[in-house]
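A look at the structure
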Amino acid sequence: MDSASRLSDSSLLNHRLSGSSGLIDPSLEGNELIFSRLLSIEVRNSESPSDPGEETMLELRLLRAEAGGRISMQLLSPQDLFFHLGCFLSEEEFTELKKEQSLCIEFSEFPSMLAGIIDQISSEGGQSFAVLQVFEENVSTLNFVRNLGYKLVTLLALDFSSVPEETVKDFANFRYRSEKSKSEFLKEEVANLNRLIKLKHPSLALQLKKAALASVDQDRENRYPSVLTRSVFRRN
């Protein structure tokens, strides 16, 4: 399978849930999702661009318009529903990018090239990495860098900007409903497993139930210490 056509596990589950629950990813209206990957990205701010930034897990999605073939990229945060940056490339804009950054590929090869760079970052353990340089006025640059040992080389630099507020709200709403649907789906899966275990192995089902109750009791004790424990703390 071509690396540009692979989806992350979470995206595969989200697509499965979206289809079964009737939810429609608003970014897929008129677009084809080429790939979606979670990536550790170093985020640096404009006040100290040379200082090391904070490592953050972000999702990079690449989509292609069904009409015209325009490429769009999204940077999303699994933890922040309202973090949403976009980068857009038409064939003409890619021609300018190719000239500016001395790329040796054609527009049709861009998705595979980007997927290959991301694979390097995921597998090489520090030799290649990504840096998101955040500037003022809602503009950021995502740099893909390779460490040659004696020199840092920027393989690719892509300019991202904030997407319209309405787009952010629509996608946040979709993600919230998708996560809720995923939670309900997983609960049903667990219920099905419990029924199967009770049917096939009742004694194991009893053991699992006791372990679950013990875990709940321990969690309750950790959150709400006993009266004796609280009195000891008060005396101290």
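Residues numbered from 1 in each chain as written. Predicted model: local features only at pLDDT ≥ 70, side-chain atom pairs only at ≥ 80, totals over all residues. Heavy atoms only, no water.

Each helix and strand counted, the protein has six helices and seven strands in total. Ordering the α and β elements of the protein from the N terminus gives α-β-β-β-β-α-α-β-β-β-α-α-α. Counting across all 236 residues of the protein, residues that qualify as buried make up 33%. Partitioning the intrachain contacts of the protein with sequence separation of at least 6 by distance along the chain shows that 54% fall at a separation of at least 24. Accessible surface computed for the protein: about 15,000 Å², of which carbon and sulfur atoms make up 53%. (Helix = DSSP H or I, 4+ residues; strand = E, 2+ residues; numbered from the N terminus. Buried < 20%, exposed > 50% of the residue type's maximum accessible area, 1.4 Å probe, protein only. Contact = heavy atoms within 4.5 Å. Areas by Shrake-Rupley, 256 points an atom, 1.4 Å probe, with all protein chains shown as cover.)

Moving on, we come to the confidence of the model for the protein. The predicted model of the protein has a mean per-residue pLDDT of 82, with 81% of residues at 70 or higher. By mean pLDDT, helix H6 (residues 227-235) is the weakest element of the protein at 43, and helix H2 (residues 91-101) is the strongest at 96. pLDDT under 50 marks residues 1-7. Its contacts with residues more than four places away, or in other chains, come to 23 contacts. Every residue in residues 227-236 is under pLDDT 50, and counting partners more than four places away or in other chains gives two contacts. (pLDDT = per-residue confidence, 0-100.)

With that settled, the discussion passes to the side chain of Ser 36. Position of Ser 36 among the secondary structure elements: in strand E1 (residues 31-45). Reaching out from Ser 36, the side chain makes a polar contact with the side chain of Glu 59 at a distance of 2.2 Å. (Polar contact = N/O pair within 3.5 Å; in protein donor to acceptor, adjacent residues only side chain to side chain.)

Our focus in this paragraph is the packing of aromatic side chains. The geometry of an aromatic ring pair is captured by the separation of the ring centres together with the interplanar angle, meaning the angle of the planes. Across all of its chains, the model carries three aromatic pairs by this definition. Taken together, a centroid distance of 5.6 Å and an interplanar angle of 50 degrees make the contact between Phe 94 and Phe 107 tilted. On the criterion of sequence distance, the pair formed by Phe 94 in helix H2 and Phe 107 in the loop between H2 and helix H3 (110-123) is long-range, its members being 13 residues apart. Between Phe 94 and Phe 110 the ring centres are 6.0 Å apart and the planes differ by 70 degrees, which places this aromatic pair in the edge-to-face class. (Phe/Tyr/Trp six-rings, centres within 6.5 Å; stacked < 30°, edge-to-face > 60°.)

Right, let's get into the pairing of strand E4 (residues 84-89). Counted residue by residue, E4 has five buried out of six residues, so it is predominantly covered. In terms of strand pairing, strand E3 (residues 71-76) meets E4 through six bridges, oriented antiparallel. Bridged to Leu 75 within E4 is Leu 85. (Pairing = 2+ DSSP bridges.)

Let us now look at the sheet that holds E3. Around the barrel, which closes on itself, the seven strands sit in the order E1-E2-E3-E4-E7-E6-E5 with mixed pairing between neighbours. Averaged over neighbouring strand pairs, the angle between their axes works out to 35 degrees when direction is ignored. Here strand E6 (residues 139-147) pairs with strand E7 (residues 152-162) via nine bridges, running antiparallel. Bridging from a neighbouring strand, Val 139 pairs with Ser 161 of E7. The sheet strands contacting H3 are E1, strand E2 (54-65), E3, E4, strand E5 (128-134), E6 and E7, and the helix crosses E1 at an angle near 45 degrees. Lying over the sheet, helix H4 (residues 165-200) contacts E2, E3 and E4, oriented at roughly 115 degrees with respect to E4. (Axes fitted to C-alpha atoms, helices over the stretch in contact; angles between N-to-C directions.)

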